[in-house]
Each structure stands twice: as structure tokens, then as C-alpha cells.
Amino acid sequence: MRIDQQPRTRWVDQSAFQPRRPDLRLGARSHRMDRPGTVSGDRIAVQHTVRTSTAEYSLMLNAPEWLGHRGVGEALRDAVAELRAIDLTYGPARPESLVSRLRRGEISPDSYPPLADLVDRCAAMRAATDGWFDAWAVPGGFDPGGLLGGWAVERAAARLRAAGVHDYAVLTGADLVVRGHAAHGGPWRVAVHHPADRHRAPLVLEMTAGAVGTSGVSGRQGHVVDPHTGEPADQLVAATVVGPDLAVADAYATALYAAGPAGLAWFRNGSDYRALFAHRR
């Protein structure tokens, strides 16, 4: 990974943060993007929300003026097209998706390079989490759902960078990816609300690159299964992980939700990922 892609996250003292409004909020009743305040004269600030069959995505772009409104529009269309294509092509609930065809044995992972990448990532996270994230231990067969959303966002973000947009935030649910700077010229200010205690002050991050992934706030009971027993996980209310890549952070959050406090051991010994919340029931 190139050095400029490493996560840069600073935990902000709440008293120093309060006079300044956040750019993004996670873990409240819904994620929120505040309207940009002061926008530098050489930037183009754009917000856009798109809904697929499984999720809603919000994109906030802070693009260079030289790209022009047409260029920014094309970058946005490319990113949105990637999100829609992944929903159509890889969604486990779609009978004709590549994941469904793989489950039925009609194709192999190597049939399509992006599918091979998705399968390889799931295998890597199964190893990294001692089997607590296991896309093959889901009823019905291979299901990358705990990683798929983050993978989709990272691929959409790659489309933005390829088009010349290097300052952006992409949110879905209680997850996000950020890079570069917000419209005010400083780091993205992210207020991460506690998943269970709405009265607790949010944890505030200043980020110029990185991701936040959360499992357990969907409101669906039993949506994460203990891969060792096949029973719904019930130790935690929610788990939130921050790190360089959203697909990995999402998978870690899913595994931590299933494993409970024992999973905190994965984030020691110089790991690039950190657990923000692991709230017991």
C-alpha cells in the first residue's frame, strides 16, 4: 500500500471539538453529512445520495476546480455506477448474481477477477479473525455480506481517485470511507456516536484517510451468526472498528460482534485497525 493511502486519524479532545461542527456523523439515528461551510474558491463541493436494492450511499466530494463541473459529474456517475453494478452482480440475495452462481457451483472464483478478489479477501479475514469471520459458515453457503458493503464502497472510491477526485467521503449506514480534506480545507471531522448510549458524547475523529466499519446497528436481530455454533451472536450490542480499508474494517467489526470481547486481541501488536466500540449486552 502506498504511503499516502495509510490511515491518518486523530482522536480529538471533546472540549476542543465542541466549537466546531462535524462534517460527518455516524451511529446517530442515521448517518448525516452537514452542508459544507466555507468552500475554497478553487474547489467544487458536491453531495449526492443514491439508493440500491440493499443500501443507501451518500457521497461528499471536494473536487479541484480544474476538473470542472462536467468532470466532477462524470466522476460521480462512475462511482455510482460501480455501487449499482456491485449490487446487481454480487448481491447474495439475487439468484443470478455471481455469488449465487458460485454457491450453486456453476462458476469458480477465478471466473471473474473481481469475484476472485472478493473470495480472497473473505479467506484472508477468516484467517485474521481465527475463523470468527467466515463467509463459508453462513446458512446456504458462501455469503460475503459482512464484507461486501465495504468492498463496494472502496471500489467506488477507487473510481473517484481514478477520475481525479482525491478529497471525498462515502457513507453507508454506520460505515464510511474518507480521504483528503473537507470543503473547509481541514481534515474530515467525524463524530462517531455510541451505538447503545445516545446520551454519551460522540467520539470525535479527524481523518484524512481511513475507514470506520460497524456491525450490530441495523436493528435486525440475529443478523450475525456465530460461525462455530450456527447460532445468532448475542454477546455485543454493536462493534465499531477504524482502519485503512472499509472492507477489512467491516469484516473485523462483524467478527468482533460474533466473538465478543475475546476478539479485542486482534487489534494488538501494532495492528493498523482499532476497535472503537465493543459494547456488551
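Let me sum up the structure you'll find in this document. (Residues numbered from 1 in each chain as written. Predicted model: local features only at pLDDT ≥ 70, side-chain atom pairs only at ≥ 80, totals over all residues. Heavy atoms only, no water.)

1. A closer look at the nonpolar core
- One finds Tyr90 and Leu147 to be the most contacted residues of the largest nonpolar core, which totals 61 residues.
- For this core, the leading source of residues is helix H6 (residues 246-259), giving 12 residues.
- Sequence-distant contacts of tyrosine 90, that is, excluding residues within four places in its chain, are made with Ala85, Ser97, Leu98, Val99, Pro114, Leu115, Leu118, Leu148 and Trp151. (Core = buried A, V, L, I, M, F, W, Y, C linked by side-chain atoms within 4.5 Å. Buried < 20%, exposed > 50% of the residue type's maximum accessible area, 1.4 Å probe, protein only. Helix = DSSP H or I, 4+ residues; strand = E, 2+ residues; numbered from the N terminus. Contact = heavy atoms within 4.5 Å.)

2. Remarks on the packing of helix H2 (residues 68-90) against helix H5 (residues 145-162)
- Two numbers describe how H2 lies on H5: the axes approach to 8 Å, and their chain directions differ by 150°. In terms of axis orientation, H2 runs roughly antiparallel to H5. For the crossing formed where H2 meets H5, the hand is right-handed. Here Ala75, Leu76, Asp78, Ala79, Glu82, Leu83, Ile86 and Tyr90 of H2 lie close against H5, whose contacting residues are Leu148, Trp151, Ala152, Val153, Arg155, Ala156, Arg159 and Leu160.
- Residue classes in the contact of H2 with H5 are distributed as 12 nonpolar, no polar and 4 charged. (Axes fitted to C-alpha atoms, helices over the stretch in contact; angles between N-to-C directions. Parallel < 35°, antiparallel > 145°, perpendicular 65-115°, else oblique. Left-handed = near helix turned anticlockwise from the far one by under 90°. Nonpolar A, V, L, I, M, F, W, Y, C, P; charged D, E, K, R; others polar.)

3. Section: the packing of aromatic side chains
- Across all of its chains, the model carries 6 aromatic pairs by this definition.
- Taking 6.3 Å as the distance between ring centres and 35° as the angle between the ring planes, the aromatic pair formed by tyrosine 252 and tryptophan 266 counts as tilted. With tyrosine 252 in helix H6 and tryptophan 266 in the loop between H6 and strand E11 (274-280), this pair connects stretches of sequence that are 14 residues apart. Considered together, tyrosine 252 and tryptophan 266 belong to a single accessibility category, that of buried residues.
- Centre to centre, the rings of tyrosine 252 and tyrosine 273 are 5.5 Å apart; their planes meet at 50°, and the pair counts as tilted. Note that tyrosine 252 is positioned in helix H6 and tyrosine 273 in the loop between H6 and E11, a separation of 21 residues in sequence. Neither residue differs from the other here; tyrosine 252 and tyrosine 273 are each classed as buried. (Phe/Tyr/Trp six-rings, centres within 6.5 Å; stacked < 30°, edge-to-face > 60°.)

4. Here's the deal with empty space enclosed by the protein
- As enumerated under the stated definition, the model contains 1 cavity of 30 Å³ or more in all.
- Considered as a void within the structure, the largest cavity measures approximately 50 Å³ in volume.
- In this structure, the largest cavity is lined by 10 residues; those nearest its centre are Gly27, Ala174, His193, Thr214 and Thr240.
- The class makeup of the residues in the lining of the largest cavity is 6 nonpolar, 4 polar and no charged. (1 Å grid on protein atoms, 1.4 Å probe; cavity = no way out; pocket = protein on both sides within 12 Å on 5 of 7 lines; lining within 4 Å. Points joined across faces, edges and corners; volume = space filled by probe spheres on them.)

5. Side note on H5
- The terminal C-alpha atoms of H5 lie 26 Å apart, and with 18 residues this matches the ideal 26 Å at 1.5 Å per residue to within 8%.
- Those residues of H5 that fall on the buried side of the exposure criterion are Leu147, Leu148, Gly150, Trp151, Ala152, Val153, Glu154, Ala156, Ala157 and Leu160.
- Once H5 ends, the next one or two residues include glycine 164, with phi positive near 100°. (Expected span 1.5 Å × (residues − 1).)

6. Quick look at the packing of helix H4 (residues 113-128) against H6
- Between H4 and H6, the shortest axis-to-axis distance is 10 Å and the interhelical angle comes to 45°. On the basis of the axis angle, H4 is oblique to H6. For the pair H4 and H6, the crossing hand works out as right-handed. Facing Arg121, Met125 and Ala128 of H4, the residues of H6 in contact are Ala247, Val248, Ala251 and Tyr252.
- Tallied by class, the residues present in the contact of H4 with H6 amount to 6 nonpolar, no polar and 1 charged.

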